[in-house]
Amino acid sequence: MLEKTYRPAEVEARLYAAWEESGVFRPRPAEKPYCIMLPPPNVTGSLHIGHALDHTIQDVLIRFHRMRGFETLWQPGTDHAGIATQMVVERKLAAEGKDRRRMGREAFLAEVWKWKEESGGTIARQMRRLGASCDWSRERFTMDEGLSRAVRRAFVLLHKAGLVYRDQRLVNWDCALETAVSDLEVQSREVDGKLWHLRYPIEGEPGRFIVVATTRPETMLGDTGVAVHPEDPRWRDLVGRHAILPLVGRRLPIVADPHSDPEKGTGAVKITPAHDFADFEVGRRHGLEAIPIFDRRGRLAENVPEPYRGLDRFAARERVLADLEAQGLVAKVEPHRHAVPYGDRSGTPLEPFLTEQWFCDVKGLAERAIAAVEAGRTRFVPRQWEATFFEWLRNIQPWCISRQLWWGHQIPAWYAPDGTIVVAEEEAEARALAEARFGPGVELVRDPDVLDTWFSSALWPFSTLGWPDPTPELARYYPTSVLVTGFDIIFFWVARMMMLGLFCMDEVPFRDVYIHGLVRDERGKKMSKTQGNVVDPLELVEAYGADALRLALLASTEQGRDVRFGPARVEGWRNFVTKLWNAARFIELNGGRLDPAFDPAGCRLPLDRWIVGETAAVTLRVSEALADYRLSEATLALYHFVWDTFCDWWIELAKPVLSGADEAAREEARCVAGWVLARVLHLLHPMAPFVTEELWRVLFGAPGGMLIRAPWPHAEPGPADPEAAAELGWLTRTIGAIRAARAELNVPPAARLRLLQHGASAATLARLERHREPLLRLARLAAIELSDQPPPPRSIVVVVDETSFSLPVGEVVDLERERQRLGRELAKAEGEAARLEQRLADAGFLARAPAELIEEQRERLAELTRTRERLGAALARIA
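Owing to the predicted nature of the structure, the values given are computational and were not obtained by experimental measurement.

K.L.:
Which parts of the structure should I look at to understand the side chain of D59?
P.N.:
Structurally, D59 is set in helix α2 (residues 49-67). For D59, a relative accessible area of 0% puts it in the buried group. Only 2.6 Å separates the side chain of D59 from the side chain of S133, close enough to count as a polar contact. Look past the residues within four positions of D59 in its chain and what remains in contact with it is W74, G131, A132, S133 and R550.

So this is what it looks like as structure tokens:
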């Protein structure tokens, strides 16, 4: 017997434990495999709303294909998250009065592993709360021994192919973390700074200066040149001569280079090759020396005059400016808004830093990845993201893969005393190689750096399946079926998996890439703690249940668009879950059951033949939508079927049958109710696994076992009975039109109105007679009358097919007041729509405005269009 109220908190933990203990999450041998690799969340992480969306989509696809009879594997695991994890543990140790550097590498790493064992399983436990049906028996970690071996093998293979090498180049350097970071880990922030115009004396011409403009005067201590545009007449006579660097005295060649923009600043720019990416290239073109002036912590080092050594870069700025001011060499200072690169982990300004690092030459790998997508071996859904993928890969630069951290995969490279680099998977192998060249007992020192976290993540689709060993799992599940991820890591992760998958496996890592949008708040703004609009998915699960959260996310997910989301949406879907539960209780109380002998094709009543046809139609629609990644369409189709078609129409229309004297009709209705509800539970299970499993168990006794293992319903095309569909379609349209007219004109719900029909055909008259009882009951009518006169004054007019109906409402509604109200609302909607149309036609606005604002205003305009149509129709109904 079903409880009166569905209590998710009491059901979800019990059902999930039963699923997990039964082993149903593990692959079962079948003809076709279906595999999804969970994008490994950081081991430091907790479930956020973006995870909730990503994991829900994957779980829907896995449950759908499991029910369709595929051999499904959802491979879970976590990422060691080098920088993030090291920061977390360093902060923990600092609170205990401990310092990483004083502890030493081995002791610090022992602390990290200890923290990982104690706290690293948080997100996996939270995923279970959401209903994720991963094969937890196969859970992996990017630092476990199997994956570490894969990382070493990949590095060695890339090195042997000449694609991994050491080089001295400028990198983005995080002075707080003392490590290089990827270009993709850089946050560009607009800041209000200053533009200083500095005078550099011209050699051999006392009193003449060339003025350069800079936002970073402290870097002048590393200047080795000045660049002017070749066509700039102001400085043309100085090209080939020298300026003298103030405070240092170094001679600076003045070179002509198109890098200098004559329209900006003074038209002359200082060149600091060791601390600016653009200057580094200018320096290479003109043979200018690169002089590093900062150490790893952003302090001025030995290459600057002694008074500045040891100063922090920001303190050095103040000191340099004071000294320049004292010599009269600051021409002017302007307020200047400009972009400054920040580290996304440390939150501090990054420094272009000239250092020796390990790089991966990915240009050739990128070309193979592009070719694979162009050939259709991997498909992006939606296809528009292929253009983004191509653009990034066609402009790819060498990938800096080394990081100056302790936590991570230590680079498998050793240095001999003469600097020779020996690369090998294991130290014993490296020693053997070195001794073969240098003799026994040669001393080797291992490179202290670790690999970029994204290097090991790029191997995830095949390393988790056992590579480099030729395992049965690798042969069975690679390439995987689909990667589900957000567009923000197409280059971070998707492209790198494509490149290394093709390199190591000679095959793409996945057949499809389903790209979903980012979760934003209800106004389309990015969620952030500073704005106070962050939504905690676990709090929503506690308040409304996991199914309601999953359904709300899925219903909001349209291909290629960001997700607008807020707690109100989850509350609305909690109401849907409640509606389903109440419908099941009604069916139970009225004797509805799942009869194995019931044949839906043999229904006698038009009402039942109609709902069978509607059920077949929604089965086909949901099946096709899920197979094509149209998750919102599938979810909303089931919503409207359950709420509108089944509950509001079939159940309401079937109530007289279920309480009537015709026992055969009652028995048919009971069997139909059980059959339709069982079909709904199957179709809805991938989206709302908990409530469907519970209803399947309690109401139907779980025939054949758990619903999670049940076969997916066969999708039959077309309605079962066109005549029944036409009959019930007319009835629902007629009642719906009358209800809408009443609501729009504020007719009191209790008012029973006369319904006059004008010009009805013989078929319509027959339908009115056959369905008199439900029309009177559900449309709240006092009588249905035939009229050969036009609709009377002070009435509402409703048109259905060829028939006009009128409802005299003069005694219960002030129609003139309603007409004025609707007119005011229509005028207001038209005025706002006109303003939005004008704004959206303005090319200047479209060029300046943020994309989310433009999208928000387009959506508002579409909403206003619907409102205008509705209000116009309501006004037209007033006779």
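K.L.:
Teacher, can you tell me more about the sheet that holds strand β7 (residues 186-201) here?
P.N.:
Across a sheet, paired strands are connected by hydrogen bonds in the backbone, their directions being either parallel or antiparallel. Across the sheet, three strands lie side by side as β8-β7-β13; this open sheet has antiparallel pairing. Each edge of the open sheet carries a strand with a single partner, namely β8 (209-214) and β13 (330-343). Across the sheet, the mean angle separating the axes of adjacent strands is 20° when strand polarity is ignored. Relative to β13, β7 runs antiparallel, the two sharing 13 bridges. Bridged to K194 within β13 is P335.

K.L.:
Help me understand the packing of aromatic side chains, please; the structure alone is not making it clear to me.
P.N.:
To describe a pair of aromatic rings, one takes the distance between the centres and the angle between the planes. Taken as a whole and judged by the stated rule, the model has 28 aromatic pairs. Relative to F491, the ring of W392 lies with its centre 5.9 Å away and its plane at 75°, an arrangement referred to as edge-to-face. Remark: F491 occurs in helix α16 (residues 490-505) and W392 occurs in helix α11 (residues 385-394); sequence separation between them is 99 residues. Owing to a relative accessible area of 34%, W392 belongs among the partly exposed residues under this scheme. Each ring, one from Y514 and one from Y629, has its centre 5.4 Å from the other, and the planes form 15°; the classification is stacked. In this pair, Y514 sits in strand β23 (residues 510-516) while Y629 sits in the loop between α20 (606-627) and α21 (631-658), placing the two residues 115 residues apart along the sequence. Taking relative accessible area as the criterion, Y629 reaches 6% and is therefore assigned buried. Counting every residue linked through ring pairs, the aromatic cluster contains Y16, W19, F25 and F690. Positioned over the ring face of W19 is R63, at 4.5 Å from the centre of the ring. In this structure, R189 is placed above the aromatic ring of Y342, and the distance from its NZ or CZ to the ring centre is 4.0 Å.

K.L.:
Any chance you could explain the pairing of strand β5 (residues 164-174) here in plain terms?
P.N.:
Regular strands show a simple pattern: their side chains alternate between the two faces of the sheet. As judged from the 10 bridges shared by β5 and strand β14 (residues 351-360), these two strands associate in the antiparallel manner. Looking at the pairing, W173 lines up with E351 of β14. Here three bridges tie β5 to strand β6 (residues 179-181), and the two strands are oriented antiparallel to one another. Following the sheet pairing, N172 is matched in β6 by V181. Hairpin connection, β5 to β6: the antiparallel pair is bridged by four residues, and E178 has positive phi, about 55°.

K.L.:
Would you take a moment to explain the environment of L861 for this structure?
P.N.:
Its location among the elements puts L861 in helix α29 (residues 851-877). For the pair L861 and L840, spaced 21 residues apart in sequence, the C-alpha to C-alpha distance is 9.5 Å. Sequence-distant contacts of L861, defined by excluding residues within four places in its chain, comprise A833, L836, E837 and L840.

K.L.:
I'm lost on the nonpolar core in this one. Help?
P.N.:
Buried together is how nonpolar side chains tend to be arranged in soluble globular proteins. Ranked by internal contacts, the top residues of the largest apolar core, which has 140 residues, are F565, W650 and M687. With 14 residues, the single largest contributor to this core is α21. W650 has contacts with L607, D608, W610, I611, T645, A669, V672 and A673, leaving out every residue within four places of it along the chain. With 63 residues, the next largest nonpolar core counts L158, L365, W460 and F510 among its residues.

K.L.:
Teacher, can you tell me more about the pattern of salt bridges here?
P.N.:
Note that side chains of opposite charge can pair when their charged atoms are close. Per the counting criterion, the structure on display carries 72 salt bridges. Between D59 and R63 there is a salt bridge, with its nearest N and O atoms 2.7 Å apart. Taken as a pair, D59 and R63 lie in helix α2 at a separation of four residues, close to a single helical turn. Each member of the pair, D59 together with R63, is buried. E667 is the salt-bridge partner of R593, the closest N and O atoms lying 2.1 Å from each other.

K.L.:
Looking at this structure, I do not really get the pairing of strand β2 (residues 71-75). What am I missing?
P.N.:
Across the five residues that make up β2, a large majority, five, are buried. Residues of β2 alternate between two faces, with E71, L73 and Q75 on one and T72 and W74 on the opposite face, all of them buried. Of the pairings in the sheet, the one linking strand β1 (residues 33-37) to β2 comprises five bridges and is parallel in character. Residue pairing across strands places C35 opposite L73, the latter belonging to β2. With respect to chirality, the unit in which β1 leads through α2 into the neighbouring parallel β2 is right-handed.

K.L.:
Please clarify how helix α27 (residues 815-840) should be interpreted in this entry.
P.N.:
Owing to its 3.6 residues per turn, the α-helix aligns residues three or four sequence positions apart on the same side. The end-to-end C-alpha separation of α27 is 37 Å, in line with the 38 Å expected for 26 residues at 1.5 Å each. Those residues of α27 that fall on the buried side of the exposure criterion are L815, E818, R821, L822, L826, A829, A833, L836 and L840.

K.L.:
Explain the sheet that holds strand β18 (residues 413-415) here, please?
P.N.:
Ordered by their spatial adjacency, three strands build an open sheet running β19-β18-β20, and the pairing between neighbours is antiparallel. Strand pairing shows two members of the sheet lacking a second neighbour, β19 (421-423) and β20 (445-446), which therefore form its edges. Taken together, the three bridges between β18 and β19 define a ladder with antiparallel strand orientation. Counterpart to Y415 in the pairing with β19 is I421. Where helix α12 (residues 427-438) meets the sheet, it contacts β18 and β19, and its direction lies at approximately 135° from that of β19.

K.L.:
How do you make sense of the state of the cysteines when you look at a structure like this?
P.N.:
Here, disulfide denotes a covalent bond that connects the sulfur atoms of two cysteines. The final tally for this structure, using the stated rule, is zero disulfides. Left unpaired, C134 is separated from the closest cysteine sulfur, that of C35, by 11 Å. Cysteine C504 is unpaired, with the sulfur of C360 as its nearest cysteine sulfur at 10.0 Å.

K.L.:
What exactly am I supposed to notice about α16 here?
P.N.:
The buried fraction of α16 is high, at 14 of 16 residues. Phi turns positive one or two residues past the end of α16, at D506, with a value near 60°.

K.L.:
For this particular structure, what's the right way to read the packing of α11 against α16?
P.N.:
Axis angle and axis distance: for two packed helices, these are the angle between their axes and the distance between the axes, and together they describe the pair. Between α11 and α16, whose axes approach to 11 Å, the crossing angle comes to 80°. Classified by the angle between their axes, α11 and α16 sit roughly perpendicular to one another. Where α11 abuts α16, its residues W385, T388, F389, W392 and L393 lie against I490, F491, A495, M498 and M499. Of the residues that constitute the contact of α11 with α16, the class distribution is nine nonpolar, one polar and no charged.

So, how was this worked out
Residues numbered from 1 in each chain as written. Predicted model: local features only at pLDDT ≥ 70, side-chain atom pairs only at ≥ 80, totals over all residues. Heavy atoms only, no water. Helix = DSSP H or I, 4+ residues; strand = E, 2+ residues; numbered from the N terminus. Buried < 20%, exposed > 50% of the residue type's maximum accessible area, 1.4 Å probe, protein only. Polar contact = N/O pair within 3.5 Å; in protein donor to acceptor, adjacent residues only side chain to side chain. Contact = heavy atoms within 4.5 Å. Pairing = 2+ DSSP bridges. Axes fitted to C-alpha atoms, helices over the stretch in contact; angles between N-to-C directions. Phe/Tyr/Trp six-rings, centres within 6.5 Å; stacked < 30°, edge-to-face > 60°. Lys NZ or Arg CZ within 6 Å of the ring centre and 35° of its normal. Core = buried A, V, L, I, M, F, W, Y, C linked by side-chain atoms within 4.5 Å. Salt bridge = Lys/Arg side-chain N within 4 Å of Asp/Glu carboxyl O. Right-handed = clockwise from strand over helix to strand, strands pointing away. Expected span 1.5 Å × (residues − 1). Disulfide = S-S within 2.5 Å. Parallel < 35°, antiparallel > 145°, perpendicular 65-115°, else oblique. Nonpolar A, V, L, I, M, F, W, Y, C, P; charged D, E, K, R; others polar.

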